[in-house]
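Notes for the structure review
For reference, the chains in residue letters:
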Amino acid sequence: MNWELMWDSVPTLLGGIPVTLELVGLALLFGAAVAFAAALLRLSGNPVAERLMAAYVFVFRGTPLLVQIFLIYYGLGQFEAVRGSFLWTFLREPFWCAILALTLNTGAYTSEILRGAILSVPQGQIEAARACGMSRTLLFRRIVLPIAIRQMLPAYGNEVILMVKASSLASTITLLEITGIARKIIAQTFAVFEIFIVAGSIYLLLNFLASRLIRYAEWRMTPYLRARG
Amino acid sequence: MFELLSFGPNGWGGQLLGGAAMTVAVSLSSFALGLVFGSLGASAKLSRNVVLNGLAEVYTTIVRGVPELLVIYLLFFGGGGIVMAIGRVFGYEGYIELNAFTVGVVSVGLISGAYSTEVIRGAVQAVPHGQIEAARACGMSRWLILRRILVPQTMRYALPGLGNVWQLTLKDTALISVTALAEIMRVAHVAAGSTRQPFLFYTTAAALYLVLTTVSTAAFERAERRANRGVRRA
Amino acid sequence: MKKIVAALALGAIVASVGGMAEAKDWKKIRIATEGAYAPWNATDPSGKLVGFEPDLAMALCKKMNAECEIVAQDWDGMIPALQQGKYDAIMAAMSITDEREKVITFAGPYGSEPSMFGTMKSSPLTKVAFEAERVDLSKDDPAGKAAIEKLGEALKGKTVGVQTSTIQANFMEKYLPKVAVRTYDKLDNAGIDLAAGRVDAIFGDRSAVSAIVKSDSGKDMTLFAPGFTRGVLGKGVGVGLRKADADLKELFNKAIAEANTDGTITKLSTQHFGYDISIK
């Protein structure tokens, strides 16, 4: 073990945190929107929309993220039609390809979590709201969604951690986030073990913070479960 | 273009199929190893021994908190060293080598095991305590309770969760392509680079994975139905 | 119970251990190559490692009376895996550089190729005229300096794709630090991105860049700018070995010298490159 090398690599590796956080943050943000739309469409009652969304979820949950990233980055760039379109401004950049892959991936998983949570909202609550004369949208906004979101938080917390880890695959398409920088240092020092241990520790720390954040959100959203003081 | 996927001398079809077989072999072995790790981890977490509790907690926290790619790299480049260190404890001074398959299975098995630990622990806790008390009252030994009461019911409760772990394991094997083991992803990556037809080969890889996940989902559903055959549906 | 579990676990570890190497008399040598750097080394559709280096490795092993196995290893883990003992030698178009000699040693060199840029035929880069055809970086000549300056001017605001941890990546860092560089795991992938227009040029070994240009998807590509040699680009391509294996180095050096004099290298080189890359 070369402790000095490990110590020296810390600041350089920490320099990768902003890119990692950008990847995770944007992918979760866009992914939430995709998941929301996909979950609603799957519960819409429209058979075409339901089938389409089921297919989307099936494909993105059934294949490894690495394949999805390579397909979007190297695969799409192969086509003249893609390169000629306005999309190319984004797809040209490895960063946006990674965001797209991560977004579609987390969107598929999150939509299933959200769908399950919506379906688990007690029927009695919906009936009660209807009896109060709430419209469909109002009922969804005031009753179903808040309960569903509360319900899905623990599962979503896992998804956030999976995304932090998944962002490391962006290094395979030339992006310099934490893992990318780690690989770059290894290319110069050949010290795989030392550098990846430091990088791994940074991920552990990030995930620890992420899980704390989710737990705090859970605590905030369930005031009624707290013991009255 | 489709000649590239054929089984002829210029086609990668044979390699891709071989890759699919390799993916299945690695996934099955890793999943099985993961079940071993998972059972050990779950019993450690459920035991009253503080040291075992702590060890299991450290195991699941680290493996589930560090990117899979890093775990695989660390074992690929450090696994031999760890095994040799163990060997030296037992007086073996020679060089011990781990091949790519072993490294792949062990690393994905470790990851799979961390998730299995949680699933199995939850399933064990789901077995109603009254049943164990009843078994004890009947005079069953600890071993017999484990065999007759705990394990059969735990398996039933754990099946859906283990189905998810299996899917995760199957997809994680794509990451061991970095160890140059010729599974689906490795073959697709090499073929895409050398023929410069990335779309064709990554789409094929995705299709192969979809087939594998579909087949295994169906298999798990059957297993679940079978495991639940004696249970009344609410 | 616990002892049984421990014994079982230990048994599993021992059983999973692949081969245990015996004392090293170098009757069996494992040689790693990348399999993605044609014509030096490549992977054919049956998954076999082919090219100049696998062939040369076999020829050298014959001279050393050793049984050889060629294994694939990704480029970025090539040296760490050698140090870990996953194989005994590297033959993967790896140039002998001071940086690498700090951690491993080399036998040879057995070949040498200049480094060259590739770009699209439609690129303005092709219109830049260079006076020098070859630049030796170890010499301090004004023509070479002028060429590098011109290159830096032409590549301003452009992106160059290189393979990670290569002499070409080092060259870009040292001589053209202002040019944006994107590093790839394989040069093949940089080639895909050149065709897609994500990078404006790729920089690699002349023969490897030529191989991409000559492929189906490279029909709109061309080489440009002078070929660069020596200096940061190293002292030719050699066999990478662990520093501890001085005896193996001696064996390889002897075999390479023999292969040089009896024309084996020239023959294999002409077969795979179309010209002679051997060092006379």
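About the cut-offs
- Residues numbered from 1 in each chain as written.
- Chains lettered and ligands numbered in written order.
- Predicted model: local features only at pLDDT ≥ 70, side-chain atom pairs only at ≥ 80, totals over all residues.
- Contact = placed C-beta atoms within 7 Å.
- Helix = DSSP H or I, 4+ residues; strand = E, 2+ residues; numbered from the N terminus.
- Nonpolar A, V, L, I, M, F, W, Y, C, P; charged D, E, K, R; others polar.
- Buried ≥ 20, exposed ≤ 12 C-beta atoms within 10 Å, placed from the backbone.
- Arc of directions from axis to C-beta.
- Pairing = 2+ DSSP bridges.
- Axes fitted to C-alpha atoms, helices over the stretch in contact; angles between N-to-C directions.
- Parallel < 35°, antiparallel > 145°, perpendicular 65-115°, else oblique.
- Left-handed = near helix turned anticlockwise from the far one by under 90°.
- Domains from an automatic or database assignment.

Attention now goes to the interface of chain A and chain B. Each side of the interface is counted separately: chain A has 24 residues, and chain B has 26 residues. Within the residue set of the side of chain A that touches chain B, elements represented by two or more residues are helix H3 (47–62), helix H4 (65–75), helix H9 (136–166) and helix H11 (192–221) of chain A. When residues in the side of chain A that touches chain B are grouped by element, the largest group, 8 residues, is from H11(A). When the residues that make up the side of chain A that touches chain B are grouped by side-chain class, the tally is 15 nonpolar, 8 polar and 1 charged.

Quick look at helix H10 (residues 264–273) of chain C now. Residue and element names in this part refer to chain C. Of the positions making up H10, those classed as buried are Thr 264, Ile 265, Leu 268, Ser 269 and His 272. The buried residues of H10 all sit within an arc of 120° when viewed along its axis, so they share a single face. On its buried face, H10 sits against helix H2 (52–64), strand S7 (105–111) and helix H9 (246–261). A positive backbone phi angle near 90° is found at Gly 274, which sits one or two residues after H10.

Residues and elements named next belong to chain C. Taken in spatial order, the 5 strands make up an open sheet running S5-S1-S6-S14-S7, and their pairing is mixed. Of all the strands in the sheet, the pair left with one neighbour each is strand S5 (67–72) and S7. Where strand S1 (residues 28–33) and strand S6 (residues 89–90) come together, 2 bridges link them in parallel fashion. Within S6, the position partnered with Ala 32 by the bridge is Ile 90. Across the sheet, H2 lies against S1, S5 and S7, angled at about 160° from S5, the strand it touches most.

Residue and element names in this part refer to chain C. Sheet architecture is open: 3 strands sit in the order S2-S3-S4, paired in antiparallel fashion. The open sheet has two free edges, formed respectively by strand S2 (36–37) and strand S4 (49–50), since each of these has just one partner strand. Here 2 bridges tie S2 to strand S3 (residues 41–43), and the two strands are oriented antiparallel to one another. Residue Tyr 37 lies in a different strand from S3, and its bridge partner there is Asn 41.

Further remarks concern the environment of A:Asp8. Residues and elements named next belong to chain A. By the element assignment, Asp 8 lies in helix H1 (residues 3–14). Residue classification places Asp 8 among the partly exposed positions, given that 14 C-beta atoms sit within 10 Å. Sequence separation between Asp 8 and Pro 223 is 215 residues; the distance between their C-alpha atoms is 45 Å.

Let us now look at the interface of chain B and chain C. Listed by partner, the interface residues are 25 residues for chain B and 29 residues for chain C. At 4 residues, the largest contribution of residues to the side of chain B that touches chain C is made by helix H3 (residues 68–89) of chain B. In terms of residue class, the side of chain B that touches chain C is made up of 13 nonpolar, 10 polar and 2 charged.

Residues and elements named next belong to chain A. Locating Ser 9 in the fold gives a position in helix H1. Residue Ser 9 is classed as buried on the basis of its 22 C-beta neighbours within 10 Å. As a C-alpha pair, Ser 9 and Glu 194 span 185 residues in sequence and 9.1 Å in three-dimensional space. Look past the residues within four positions of Ser 9 in its chain and what remains in contact with it is Ile 185, Ile 195 and Val 198.

Residue and element names in this part refer to chain B. It is the contact of helix H4 (residues 100–126) with helix H6 (residues 142–172), at a shortest axis distance of 8 Å, that shows an interaxial angle of 150°. One element, H4, and the other, H6, form an angle in the roughly antiparallel class. Note that H4 runs across H6; the crossing there is right-handed. Taken together, the residues of H6 that come into contact with H4 (itself represented by Val 108, Ile 111, Ser 112, Tyr 115, Ser 116, Val 119, Ile 120, Gly 122, Ala 123, Val 124 and Ala 126) are Leu 150, Thr 154, Tyr 157, Ala 158, Gly 161, Leu 162, Val 165, Leu 168, Thr 169 and Asp 172. Looking at the contact of H4 with H6, its residues break down into 14 nonpolar, 6 polar and 1 charged.

Residues and elements named next belong to chain C. When its domains are assigned, chain C resolves into domain 1 (26–112 + 236–273) and domain 2 (115–233). Domain 1 and domain 2 are separated by 25 Å when their C-alpha centres are compared. Counting residues at the interface gives 12 residues for domain 1 and 13 residues for domain 2. Class assignment for the residues of the side of domain 1 that touches domain 2 results in 8 nonpolar, 2 polar and 2 charged.

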